[in-house]
Amino acid sequence: MYNIQPKTKIIGKIHKFVPTCHSTNDLALEIIQNTENFHGTVILSAFQTAGRGQKGNTWESEAGKNLIFSVALDTSFLAVSDQFYISMAMSLAVFDTLQQLNIPNCSIKWPNDVFVGNTKVGGMLIENKSRGQYLRGSVVGIGLNVFQETFESERASSLFLSGLDPEITLNTIVETLCLHIETYFNYLEQGRFEELHLSYLKIIYKLGKEQLFEVSNQPFMAVIVGVDTDGRLIVRKEKDTLKFEIKQIKYLF
Ligand code: BTN
């Protein structure tokens, strides 16, 4: 299904395609646990039997139609307390990939859902392994709906339904993604945290706009004003500025 030759130095140079697996993130996590030189290894699959999403959700993807991608990264130079910068960096990598593919109206719904207009076309599941106060390695799992045409949820869509040039292949998307991941990984290595933070804020879905949220079963309107460096969403509700962790707040549409 794939024959990738990314024009990178490291990311994706080592890659493995498994036609079916439980979860590419699980395979990449095993690689981090069991090998020394795992940095940049990419695992691709056509179908996952137990694809995992954020907040313990499952990730469903029609066989052979979409991108199912995990990359193992050596993040051992990062303190555990700086881990949200990985999320920012990888969100920017996916965003730039979609820009390069000429997809209009892309954004990242906090923390790292991939949006086109008001529909979700993909998501990221970042799993970090730590050693004391530092990370040991991270797996960045990316699911991107590319050629799938029907979805159960009306809030889900694919790049094809969002205007992707049908000549573009999954191969090209992977190669482009690897390049952007390498660029933003370099930002992390170089400690360019403030740039990452400022750039991430610029691509956030509905930044500065009113949105209906729910916290502890209570719906309320609030304006999204930012995301802090620990990854908490900052909203303004009337005169109050409030911060929420991912598990504490839900977007209502
Ligand atoms: C989400 O939006 O909840 C995140 C979805 C992440 C899905 C990807 S697909 C490749 C990798 N393997 C998994 O099991 N999950 C991620």
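Look above for the structure.
Conventions and cut-offs
Residues numbered from 1 in each chain as written. Predicted model: local features only at pLDDT ≥ 70, side-chain atom pairs only at ≥ 80, totals over all residues. Heavy atoms only, no water. Helix = DSSP H or I, 4+ residues; strand = E, 2+ residues; numbered from the N terminus. Rg over C-alpha atoms; globule rule 2.2 N^0.38 Å. Buried < 20%, exposed > 50% of the residue type's maximum accessible area, 1.4 Å probe, protein only. Pairing = 2+ DSSP bridges. Axes fitted to C-alpha atoms, helices over the stretch in contact; angles between N-to-C directions. Phe/Tyr/Trp six-rings, centres within 6.5 Å; stacked < 30°, edge-to-face > 60°. Core = buried A, V, L, I, M, F, W, Y, C linked by side-chain atoms within 4.5 Å. Contact = heavy atoms within 4.5 Å.

A. How the structure looks around the overall build of the protein chain. Of the regular secondary structure elements, the protein chain holds four helices and 12 strands. Relative to its length of 253 residues, the protein chain is compact, with a C-alpha radius of gyration of 18 Å against a globular reference of 18 Å. Across its three principal axes, the protein chain shows a C-alpha extent of roughly 55 × 45 × 30 Å. In the protein chain, which comprises 253 residues, the share counted as buried stands at 51%.

B. Just the sheet that holds strand β10 (residues 233-237), in detail. If you walk across this open sheet you meet the five strands as β11-β10-β9-β8-β12, and the pairing is antiparallel. What marks the edges here is a single partner per strand, and that holds for β11 (240-244) and β12 (250-252). If you compare each strand with its neighbour and ignore which way they point, the axes differ by 50 degrees on average. In this sheet, strand β9 (residues 218-227) lies alongside strand β8 (residues 210-215) in antiparallel orientation, the contact comprising six bridges.

C. View of the packing of aromatic side chains. For the coordinates displayed, the defined rule picks out 10 aromatic pairs. With a centroid separation of 5.7 Å and an interplanar angle of 85 degrees, the aromatic rings of Phe77 and Phe185 are classed as edge-to-face. With a gap of 108 residues between them, Phe77 in the loop between β3 (67-73) and α2 (84-100) and Phe185 in helix α3 (residues 170-189) connect regions that are remote in the sequence. Chaining the aromatic ring pairs together yields one cluster made of Phe213, Phe220, Phe244 and Tyr251.

D. Representation of the nonpolar core. Leu67, Phe69 and Leu159 are the most contacted members of the largest nonpolar core, which has 65 residues in total. Element by element, the count of residues in this core is highest for α2, at 11 residues. Membership of the second largest hydrophobic core comes to 10 residues, among which are Cys21, Leu27, Ile43 and Val139.

E. Geometry of the sheet that holds strand β5 (residues 113-116). Across the sheet, which stays open at both edges, the seven strands sit in the order β1-β2-β3-β7-β6-β5-β4 with mixed pairing between neighbours. What marks the edges here is a single partner per strand, and that holds for β1 (15-21) and β4 (106-109). The sheet shows a mean angle of 20 degrees between the axes of neighbouring strands, taken without regard to direction. As paired elements, strand β2 (residues 42-48) and β3 share three bridges and run antiparallel to each other. Across the sheet, residue Val42 finds its bridge partner in β3, namely Val71. On the sheet, α2 packs against β3, β4, β5, β6 (119-131) and β7 (134-144) and is oriented at approximately 145 degrees with respect to β6. Docked against the sheet, α3 engages β2, β3 and β7, running at close to 30 degrees with respect to β3.

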